[in-house]
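A look at the structure
So the chains spell out like this:
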Amino acid sequence: MTDRQTSERLVAAKALCRVETGGYAGAVLDQALEQSGLEPRQRALATRLVYGVTSCKYRLDEAVDRLCGGRPLSVQVRTILRLGLYQLAFCDGIPASAAVNETVKLAGPLRQIGATGLCNAVLRRFLREGKPLYEGEDLSVRYSVEPWIAKLWQKRYGGDTCRALLEAFAGEFPTFVRVNTQKTTAPALLARWRAAGIPAAETGCENALRLEAAGRVPDLPGFAEGLFHVQDLSSQYCALALGAKPGERVIDFCAAPGGKSFTLAQMMGDKGELLACDLQGYKAALIAEGAQRLGLSAVRAQVHDARQPLPGGEADRILCDVPCSGLGVMGKKPDLRYKRRDEVKDLPSLQLDILKNAAEHLRVGGELVYSTCTLNPAENQGVFGKFLRDDGRFVRVPIEPACPGAVKEEETLTLFPHKTGTDGFFMAKCRRVK
């Protein structure tokens, strides 16, 4: 067994073990890959294994526990079995013999040599029995989400929509980018990518492109030149909904990672002032770095607590994309599948505080967009509705352009992935009238 044959699995296994002790899959994997020395193809497999296992952990664990008779397992052994089962069940391009043999050999480097026989027996039994994974009615197990999430969606959206959502989040999500109209056009960027053999296509949203199998985005032609930035289609529609115009003063109160700020600045023709705020200094620095790469001088990144007053006068438009439970992006961030209910119960209060503070900075006649990347009515309609009931200076405004397939409810829009092909998202808009 050579390092080349096993290193990607070992990197994945060690990363998954660290995730089990409290790390986030994306951050842990990035650090592991940076230190690994893996070649691009190996990095791709390690990435697929880490994200794949994390995305269906509960379903894999049902099989592990059933095949092991419920015996207690160390984190390392359970990780080995999850990795093996995932490859056998979902990785058609990996021969079953390699999935079993190379994964079982991880027991040595993970200091679980005594469990080699168990791992081998469990994986081979799984093969003999026809690779049975859970197909029952417990949606939490079948789709690997915390039970409260499935129950919430069943109650609020109905059984059919709940299942459709969970199916959508079990699939793969494309990468969307926003063309930097200050430097190029969508046809020009598409032509350049196609010449380089990079599959990409236009979308129904102007200047939004869809990438298939994007690979490492910073390696794409035009990235270093600032010709585009990564931004989900839902987020692009959110920025468009604000309707920023050249010469205006715009505030993005919770701006990281900066995609909406960049799109707004481009809508403004890079004329005016766009204040991009974030609580964390390193995130504000990343926004400034992104704006510099894109050549957007109107963007000014600033460290600021969105619950506190911001000096500098009133704004023409305000974007309030608040911290949320992130249930709409768990297809890309699988850790969010396992977010506990007690972790999100205080979010509506925080979101309302931020929205109220942001609204105080809006001039009469100005407009504000409130948005989240979650599918939790308490954080969405609940927060926005209470804000309007408590403050008579603001009225609802229809959102245009509306993302095709979005569900409209009292002038608010909810984007369901199975209907829109985007992340799950919510947006609402109001105008200050007095």
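Attention here is on the structure that accompanies the text. (Residues numbered from 1 in each chain as written. Predicted model: local features only at pLDDT ≥ 70, side-chain atom pairs only at ≥ 80, totals over all residues. Heavy atoms only, no water.)

1. A look at the pairing of strand S12 (residues 412–415)
Side chains Thr-412 and Thr-414 project from S12 onto one buried face, and the interleaved Leu-413 and Leu-415 project onto a second face that is buried too. Strand direction decides the pairing type here: strand S11 (residues 407–409) and S12, joined by three bridges, are antiparallel. Considered in S12, the bridge of Lys-408 is made with Leu-413. With antiparallel pairing between neighbouring strands as the criterion, S11 and S12 make up a hairpin whose turn holds two residues, including Glu-410 at a positive phi of roughly 50°. Two elements, S12 and strand S13 (residues 425–432), share three bridges in a ladder whose sense is antiparallel. When the bridges of S13 are listed, Leu-413 appears paired with Met-427. (Buried < 20%, exposed > 50% of the residue type's maximum accessible area, 1.4 Å probe, protein only. Helix = DSSP H or I, 4+ residues; strand = E, 2+ residues; numbered from the N terminus. Pairing = 2+ DSSP bridges.)

2. Focus: the pairing of strand S8 (residues 315–321)
Along S8, seven of the seven residues are buried, which leaves the element largely enclosed by surrounding structure. Relative to S8, strand S5 (residues 249–252) runs parallel, the two sharing three bridges. Within S8, the residue paired with Ile-251 across the bridge is Ile-318. Here S8 pairs with strand S9 (residues 362–372) via six bridges, running parallel. Opposite Asp-321, over in S9, you have Ser-371 as the bridge partner.

3. Some thoughts on helix H2 (residues 25–36)
The terminal C-alpha atoms of H2 lie 16 Å apart, and with twelve residues this matches the ideal 16 Å at 1.5 Å per residue to within 8%. If you check which residues of H2 are buried, you get Ala-25, Gly-26, Val-28, Leu-29, Ala-32 and Leu-33. Summarising the axial view, the buried residues of H2 lie within an arc of 160°, below the 170-degree limit, and thus occupy one face. Facing away from the buried side of H2, by more than 90 degrees, are the exposed residues Ala-27, Asp-30, Glu-34 and Gln-35. Downstream of H2 by a residue or two, Gly-37 has a phi angle that is positive, lying close to 75°. (Expected span 1.5 Å × (residues − 1). Arc of directions from axis to C-beta.)

4. Some thoughts on the sheet that holds strand S4 (residues 228–230)
Spatially, four strands are ordered S2-S3-S1-S4 in an open sheet, and the strand pairing comes out antiparallel. The open sheet has two edge strands, strand S2 (200–202) and S4, and neither has a second partner. Adjacent strand axes in the sheet meet at a mean angle of 30°, parallel and antiparallel pairs treated alike. Alignment of strand S1 (residues 175–179) against strand S3 (residues 208–211), held across four bridges, turns out to be antiparallel. Across the sheet, residue Thr-175 finds its bridge partner in S3, namely Leu-211. Against the sheet, helix H12 (residues 233–242) makes contact with S1 and S3, and its axis sits at roughly 35° relative to S1, the strand it touches most. (Axes fitted to C-alpha atoms, helices over the stretch in contact; angles between N-to-C directions. Contact = heavy atoms within 4.5 Å.)

5. Looking at the packing of aromatic side chains
Following the criterion strictly, the structure yields ten aromatic pairs and no others. Taken together, a centroid distance of 5.0 Å and an interplanar angle of 80° make the contact between Tyr-157 and Phe-416 edge-to-face. Within this pair, whereas Tyr-157 is found in helix H9 (residues 147–157), its partner Phe-416 is found in the loop between S12 and helix H17 (417–420), the two being separated by 259 residues in sequence. Consider the rings of Tyr-370 and Phe-426, whose centres lie 6.4 Å apart with planes at 70°: the pair is edge-to-face. Of the two residues, Tyr-370 is situated in strand S9 and Phe-426 in strand S13; the sequence distance between them amounts to 56 residues. Across the pair, exposure class does not vary: Tyr-370 and Phe-426 are buried alike. (Phe/Tyr/Trp six-rings, centres within 6.5 Å; stacked < 30°, edge-to-face > 60°.)

6. Concerning the packing of helix H4 (residues 57–67) against helix H5 (residues 75–90)
Put simply, H4 and H5 touch, their axes get as near as 10 Å, and they point 110° apart. By the angle class used here, H4 and H5 are roughly perpendicular. Residues Lys-57, Arg-59, Leu-60, Asp-61, Ala-63, Val-64, Asp-65 and Leu-67 of H4 touch H5, and the partners they reach there are Arg-78, Leu-81, Arg-82, Leu-85, Tyr-86 and Phe-90. The residue makeup of the contact of H4 with H5, split by class, is eight nonpolar, no polar and six charged. (Parallel < 35°, antiparallel > 145°, perpendicular 65-115°, else oblique. Nonpolar A, V, L, I, M, F, W, Y, C, P; charged D, E, K, R; others polar.)

7. A closer look at the nonpolar core
Ranked by size, the top nonpolar core spans 46 residues in total, and within it Leu-81, Leu-83 and Leu-85 carry the most contacts. Where this core is concerned, the elements lending two or more residues are helix H1 (3–20), H2, helix H3 (40–55), H4, H5, helix H6 (96–104) and helix H7 (116–128). Apart from residues no more than four positions distant in its own chain, Leu-85 is found in contact with Leu-60, Ala-63, Val-64, Leu-67, Leu-123 and Phe-126. Counting 32 residues, the second-largest nonpolar core is a separate cluster that includes Cys-238, Leu-240, Phe-262 and Leu-294. (Core = buried A, V, L, I, M, F, W, Y, C linked by side-chain atoms within 4.5 Å.)

8. Some remarks on the pattern of salt bridges
All told, the structure shown has 35 salt bridges when counted by the stated rule. In this structure, the salt-bridge partner of Arg-363 is Asp-316, at a minimum N-O distance of 2.6 Å. With Arg-363 in strand S9 and Asp-316 in strand S8, this residue pair connects regions lying 47 residues apart in the sequence. Assessed through its relative accessible area of 29%, Arg-363 is described here as partly exposed. (Salt bridge = Lys/Arg side-chain N within 4 Å of Asp/Glu carboxyl O.)

9. As for unusual backbone geometry
A cis geometry characterises the amide bond from Ala-256 onward to Pro-257, with omega recorded as 5°. Tracing the backbone through its elements, the reader meets Pro-257 in the loop between S5 and helix H13 (259–267). Cis rather than trans, the peptide bond between Glu-400 and Pro-401 has omega equal to -5°. Positive phi, normally seen in glycine, also occurs at Arg-111, with a value near 60°. Looking at the element boundaries, Arg-111 is found in the loop between H6 and H7. A positive phi angle is found at Asn-207, which is not glycine, with a value near 70°. Relative to the assigned elements, Asn-207 resides in the loop between S2 and S3.

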